[in-house]
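Remarks on the overall topology
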Amino acid sequence: MITKEATVPAPAPAPAVPEPPRPARGRRRAWDEAPRWQIYLPLSVYLVFTLIPFYWILLFALRPAGSTSLVPWPVTFDHFEKVWTERSFGTFFQNSVLVGVATLVMTTIVALAGGYALARFDFKVKRAFMLALLCSQFVPGALLLVPLFEIFAELQMINSLVSVIIAETVFQLPLSMILISNFIKNVPYSLEEAAWVDGCNRLTAFRIVVLPLLRPGLIAVGSFAFVHSWNHFLFALMFLNNQEKQTIPVGLNTLMSADSVDLGALAAGGIIAAVPVVLVFAFIQKWLITGFSAGAVKG
C-alpha cells in the first residue's frame with residue numbers, strides 16, 4: 001500500500017520593516033547634539049563673572065600696600081603675616097575648626113539616629129513631626145538669638161564655644177535628619193532582615209549592613225553642617241565676648257572699622273577663611289553630589 005506524505009506548507013515570509021528615514025545633512029541638530037560653542041560660551045561667561053571677584057581678592061592680598069597695579073607683582077605675603085599674628089587669625093582659625101568639627105560630629109550622629117527612626121518606624125505623630133521639621137527651616141536664626149542668649153546665660157555658657165556648637169547643631173538637625181531618612185529609605189529593608197536571620201540584632205545589622213551604604217549621605221550631611229558652622233556669623237557674635245574665643249567670621253568683621261578698612265588684611269583674611277572650605281569640597285564633591293541626589297529621590 002502506497003501512502004502519500006503530507007506536505008507542510010512553507011511559512012510565509014515576515015513583512016519587511018521599513019527603515020526609519022535618515023535625517024538630511026542640512027537639518028538643524030537636536031538639542032542633545034548642540035554645537036560645542038553653545039555650551040562653552042555661557043559657561044565661559046559665567047566662569048569670568050565668578051573668577052573676577054576671586055582675582056581681586058588675590059590681587060589685594062598679594063600686592064604691596066599702597067600699590068595700584070592690576071598684577072600682583074612683586075608678590076608679598078605681609079598681609080597674611082599681619083592677620084595671622086597681629087590680628088589673632090591663628091586663634092580664630094583654631095576656634096572655627098573646633099566649632100566646625102564638633103558641629104559635624106554631633107549633627108551627623110544625632111541626624112543618623114533620628115533619620116533611621118523616621119525611615120524604619122511608624123508612629124502616630126510622624127507626619128506632624130516631619131511637618132514641624134520642615135517648618136523649622138523657615139524660621140530665621142536671628143529671631144531666636146534673644147531666647148537662646150537667655151537660655152545660655154542661665155546655664156552659664158556665654159563666652160563658651162560649647163554654646164555656639166549646640167546652637168549650630170540644633171539649627172542643622174532638621175534638614176540633616178530629612179536627608180538621612182530619605183537616604184536610608186533607599187537601602188532595601190530586606191538586607192536588614194537577612195542580617196537578623198543570621199543572628200544579628202538591630203544595632204549590629206545597622207552597623208554592618210546599612211551604615212557602609214550611607215557613606216555618601218553622611219558625607220553630604222557632615223560637609224553641609226561644617227560649612228554652615230564655619231561661615232556662620234550671628235551665633236559667634238552674640239555668644240562669644242572674649243576675643244580669644246571668637247571665630248573667623250567675627251575676626252573678619254574686626255578688620256573693618258568706621259573710619260577705614262585695611263583691604264589687604266581683609267583680603268588675606270578672606271582667603272584664609274575660604275581655603276579650608278574649598279579644600280573640603282574639592283575632596284568630597286563626588287560623594288557630596290551622590291549623597292544629595294540619592295537623599296532627594298524618595299520622601
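Residues numbered from 1 in each chain as written. Predicted model: local features only at pLDDT ≥ 70, side-chain atom pairs only at ≥ 80, totals over all residues. Heavy atoms only, no water.

**Observations concerning the side chain of H79**
Within the fold, H79 resides in helix α2 (residues 78-86). Separated by 3.2 Å, the side chain of H79 and the backbone oxygen of R63 make a polar contact. Excluding anything up to four places from it in sequence, H79 contacts F60, A61, R63, P64, A65, G264, A265 and A268. (Helix = DSSP H or I, 4+ residues; strand = E, 2+ residues; numbered from the N terminus. Polar contact = N/O pair within 3.5 Å; in protein donor to acceptor, adjacent residues only side chain to side chain. Contact = heavy atoms within 4.5 Å.)

**Some thoughts on the pattern of salt bridges**
Inspection of every chain in the model, using the stated rule, returns two salt bridges. A salt bridge links R120 to E192, with the shortest nitrogen-to-oxygen separation between them at 2.6 Å. Of this pair, R120 sits in helix α3 (residues 89-120) while E192 is found in helix α7 (residues 189-197), placing the two residues 72 residues apart along the sequence. A residue is classified by how much of its surface remains accessible, and E192, at 0% relative accessible area, is buried. Of the charged contacts in the structure, one is a salt bridge between D122 and K126, with a shortest N-O distance of 3.4 Å. The exposure class of D122 is exposed, given its relative accessible area of 73%. (Salt bridge = Lys/Arg side-chain N within 4 Å of Asp/Glu carboxyl O. Buried < 20%, exposed > 50% of the residue type's maximum accessible area, 1.4 Å probe, protein only.)

**Points about the confidence of the model for the chain**
The pLDDT averaged across the chain works out to 80; a share of 84% of its residues lies at or above 70. Put simply, helix α12 (residues 263-295) is where the chain has its lowest mean pLDDT, 76, and α3 is where it has its highest, 90. Here residues 295-299 is modelled with pLDDT under 50, and outside its nearest four sequence neighbours on either side it reaches nine contacts, counting other chains as well. (pLDDT = per-residue confidence, 0-100.)

**Quick look at a nonpolar patch on the surface**
Together, V48, I52, Y55, W56, L70, V71, W73, V75 and F77 give the surface a local cluster of nonpolar side chains, amounting to about 960 Å² of exposed area. Inspection of the secondary structure puts W73 in the loop between α1 (36-62) and α2. (Patch = residues over 30% accessible without salt bridge, like charges linked within 9 Å, V, L, I, M, F, W, Y side chains within 5 Å. Areas by Shrake-Rupley, 256 points an atom, 1.4 Å probe, with all protein chains shown as cover.)

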